[in-house]
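Listed below are the residues making up each chain.
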Amino acid sequence: MTTKKGYWMAMVDITDPENYPRYMAANKAAFDKYGAKFLVRGGQHQMFEGSAATRMVVIEFKDYQTALDCHNSPEYQAALKLRQQYAVSHMAVVEGV
């Protein structure tokens, strides 16, 4: 049986671009620990429906549980506090097909 991958999907509006790199540096510990693989991290995009966001992110994990574990980890929860200071986000953890 093949395990389905887990993904973080986020739309981020950076409100403090000067300090946002502090969040990016802080999240590295959690992402390294849980084997995160960035599929999309910023870059050019075009919105066709809904509200625009300044940054799109898709992160792949070996499975859904690992994606949840990373989000709930003490390492990421510490980084999350920074993100919430420097950006407004819509984020979900989803299971792949």
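See the structure shown above.
Throughout what follows, the structure given in this document is the object of discussion. (Residues numbered from 1 in each chain as written. Predicted model: local features only at pLDDT ≥ 70, side-chain atom pairs only at ≥ 80, totals over all residues. Heavy atoms only, no water.)

### Quick notes on the sheet that holds strand β2 (residues 37-41)
And then number 1: Spatially, the four strands line up as an open sheet ordered β2-β3-β1-β4, and their pairing is antiparallel. Two strands lie at the open edges of the sheet, namely β2 and β4 (87-95), each paired on one side alone. For this sheet, the mean angle separating the axes of adjacent strands, direction not counted, is 15 degrees.
And then number 2: Contacts between helix α1 (residues 20-33) and the sheet are confined to β1 (6-14), β2, β3 (55-61) and β4, with β3 contributing the most and set at about 10 degrees to the helix. (Pairing = 2+ DSSP bridges. Helix = DSSP H or I, 4+ residues; strand = E, 2+ residues; numbered from the N terminus. Axes fitted to C-alpha atoms, helices over the stretch in contact; angles between N-to-C directions. Contact = heavy atoms within 4.5 Å.)

### Focus on the packing of helix α2 (residues 64-72) against helix α3 (residues 74-86)
And then number 1: The contact between α2 and α3 brings their axes to 5 Å, and the two run at 55 degrees. By the angle class used here, α2 and α3 are oblique. For the pair formed by α2 and α3, the contact residues are C70, H71 and N72 on the first element and P74, Y76, Q77 and L80 on the second.
And then number 2: Considered class by class, the residues forming the contact of α2 with α3 number four nonpolar, three polar and no charged. (Parallel < 35°, antiparallel > 145°, perpendicular 65-115°, else oblique. Nonpolar A, V, L, I, M, F, W, Y, C, P; charged D, E, K, R; others polar.)

### Here's the deal with the nonpolar core
And then number 1: Within the largest apolar cluster, 20 residues are counted, with the highest numbers of intra-cluster contacts made by W8, Y23, F31, F61, C70 and Y76.
And then number 2: Listed by contribution, the elements that provide at least two residues to this core are β1, α1, β3, α2, α3 and β4.
And then number 3: For this core, the element with the highest residue contribution is α3, accounting for five residues.
And then number 4: Among residues more than four places away in sequence, those in contact with F61 are K5, G6, W8, F31, Y34, A36, T66, A67 and C70. (Core = buried A, V, L, I, M, F, W, Y, C linked by side-chain atoms within 4.5 Å. Buried < 20%, exposed > 50% of the residue type's maximum accessible area, 1.4 Å probe, protein only.)

### Points about the pairing of β1
And then number 1: With seven bridges connecting them, β1 and β3 associate as antiparallel partners. Following the sheet pairing, W8 is matched in β3 by I59.

### Details of the pattern of salt bridges
And then number 1: With the rule as written, the count across this model stands at three salt bridges.
And then number 2: For K5, the salt bridge identified is with E60, shortest N-O distance 3.6 Å. One end of the pair, K5, is in the segment before β1; the other, E60, is in strand β3, and 55 residues separate them in sequence.
And then number 3: On the basis of relative accessibility, which here comes to 35%, the residue K5 falls in the partly exposed class. (Salt bridge = Lys/Arg side-chain N within 4 Å of Asp/Glu carboxyl O.)

### A closer look at the side chain of E60
And then number 1: Take E60: its relative accessible area is 12%, and that puts it in the buried class.
And then number 2: Of note is the side chain of E60, whose polar atom sits 3.1 Å from the side chain of Y7.
And then number 3: For E60, the residues in contact, after removing those within four places along its chain, are K5, G6, Y7, G35, A36, K37 and L39. (Polar contact = N/O pair within 3.5 Å; in protein donor to acceptor, adjacent residues only side chain to side chain.)

### A look at the packing of α1 against α3
And then number 1: Their axes nearest at 8 Å, the elements α1 and α3 cross at an angle of 160 degrees. One finds that α1 runs roughly antiparallel with respect to α3. α1 and α3 meet at a crossing whose hand is left-handed. Of the residues in α3, those touching α1 at Y20, R22, Y23, A26, N27, A29, A30, F31 and K33 are E75, Y76, A79, L80, L82, R83 and Y86.
And then number 2: Grouping the amino acids of the contact of α1 with α3 by side-chain chemistry returns 11 nonpolar, one polar and four charged. (Left-handed = near helix turned anticlockwise from the far one by under 90°.)

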